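Descriptive structure summary
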Amino acid sequence: MRNLAGLLAGLGLSAALAGTALAQTTLERVKQRGQLVCGTSQGVAGFSLPDAQGQWRGFDTDLCRALAAAIFNDQEKAKYISLASKDRLTALQSGEIDVLSRTTTWTLGRDTGFGLNFTAINYFDGQGFLVRKSLKLADLKGLNGASICVAQGTTTELNLADYFRNHGMKYEVIAYAGLDETIQAYEAGRCDAYTTDLSQLASNRTKLKVPEDHVLMTEVISKEPLGPWVRQGDDAWFDIVRWTVYAMLNAEELGVTQANVDEMLKSNNPEIKRLLGLDGKFGETLGLTNDWVVRIIKAVGNYGESFDRHLGDKSPLKLPRGPNRLWTQGGLQYAPPVR
């Protein structure tokens, strides 16, 4: 009996090991599917929004395009699933999407309590308020007793509660499930103010009938580090997503652009040679080709090019780089070296 029990135990262990060996990594599933599945917003101008042809465009979707380029050498091999704030983490947990690139704040609770991992900060943001110009508010003290619209399932609600409690102010929160519902409620006058990340406020103001009638308050009440998320348990995929962000930052710092990347392949600069796969096999260590960064830059450009195109001077939003400038220019954006 003991021999039989031992045999069965051994077979059980072998089956478990075999099951582990057969489990696919995220990269393998993406390659087998022939497409990256990316979780995106319900439509935030500058970050992720369908264009006139129905193609998703924006700063966040550029990350998905960069990943598709790195994996398939084809930025169009990315599928976008529009997710409400309250559904985004669940969609990643369940495997419905491969990566969440959707203005989602990095917090301790999210990083430890959902089986998910934050990869890298690609945008430093902060929570603010949008109000009607006619209210003539000098500062946030004027919102004492106000009704405030927020989207459900965001850090916004907690930040709002903390701020008003800390300042001894009263307020009424009016929460909506979706982004469009929240904006529509604010515009319809169901609340006195609308609060979310400053970048989204600037974006959402463009959706209002008369944007000039609404102003962004200058005070910021929170830290909102944004960036892409992946599931825990697949370190290789975590590295691919994180280093895609870092590759675009390093490319900007080293002056590698969409326009000059082919010329930069002739560079003698050792940092550029490593970044572009001419020295070392860093792409292979990620499970990609060694020219993976070349593919990314040809597809979407470096970090600064993506920022300018969707959020900065070349965009309708014209948001300042602010803390999202490179560390060499007085900002906070800093990528580890490729070496």
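So, here's what we can say about the structure. From a predicted model like this one, the values you see are computed outputs, not experimental measurements.

Another point: the pairing of strand β10 (residues 171–176). On a regular strand, each side chain points to the face opposite its neighbour's, so the side chains alternate between the two faces of the sheet. In terms of strand pairing, strand β9 (residues 146–151) meets β10 through six bridges, oriented parallel. Each bridged residue has a counterpart across the sheet, and for Val150 the counterpart in β10 is Ala175. Note on the crossover from β9 through helix α6 (residues 156–166) to β10: the handedness is right-handed.

To continue, consider helix α8 (residues 198–205). When you tally the buried positions in α8, you get six out of eight residues, the bulk of the element. Among the residues of α8, Ser199, Gln200, Leu201, Ala202, Ser203 and Asn204 are the ones counted as buried. Tucked inside the fold, the buried residues of α8 contact β7 (123–125), β8 (127–132), α7 (179–187), β11 (193–197) and β12 (214–216).

Attention now moves to the packing of aromatic side chains. Per the stated rule, a full pass over the model turns up 14 aromatic pairs. Measuring from centroid to centroid gives 5.4 Å for Phe47 and Tyr123, while their planes differ by 80°, and the two rings are edge-to-face. With Phe47 in the loop between β1 (36–40) and β2 (49–50) and Tyr123 in strand β7, this pair connects stretches of sequence that are 76 residues apart. With 4.7 Å between their ring centres and 45° between their planes, Phe164 and Tyr171 make a pair best called tilted. Residue Phe164 is classed as buried on the basis of its relative accessible area, which comes to 1%. Its relative accessible area of 27% is what places Tyr171 among the partly exposed residues. An aromatic cluster is present here, built from Phe47, Phe59, Tyr123, Tyr303 and Phe307 joined pairwise through their rings. The ring of Tyr186 has Arg132 sitting right over it, with the charged end atom 4.5 Å from the ring centre. Geometry around Phe307 places Arg321 over its ring, the cationic atom sitting 5.2 Å from the centre.

Turning our eyes to something else, we now look at the side chain of Thr26. Looking at the secondary structure, you find Thr26 in helix α2 (residues 26–33). Thr26 has contacts with Asp98, Arg231, Asp234 and Trp237, leaving out every residue within four places of it along the chain.

Taken across its six residues, β9 has six buried, putting it largely inside the fold. In β9, alternate side chains face the same way, and those of Ala146, Ile148 and Val150 on one face and Ser147, Cys149 and Ala151 on the other are all buried. Bridge analysis of β9 against β11 gives two bridges, and the strand direction is parallel. From the neighbouring strand, Ile148 faces β11, where its bridge partner is Ala193.

Scoring rules and cut-offs
- Residues numbered from 1 in each chain as written.
- Predicted model: local features only at pLDDT ≥ 70, side-chain atom pairs only at ≥ 80, totals over all residues.
- Heavy atoms only, no water.
- Pairing = 2+ DSSP bridges.
- Helix = DSSP H or I, 4+ residues; strand = E, 2+ residues; numbered from the N terminus.
- Right-handed = clockwise from strand over helix to strand, strands pointing away.
- Buried < 20%, exposed > 50% of the residue type's maximum accessible area, 1.4 Å probe, protein only.
- Contact = heavy atoms within 4.5 Å.
- Phe/Tyr/Trp six-rings, centres within 6.5 Å; stacked < 30°, edge-to-face > 60°.
- Lys NZ or Arg CZ within 6 Å of the ring centre and 35° of its normal.

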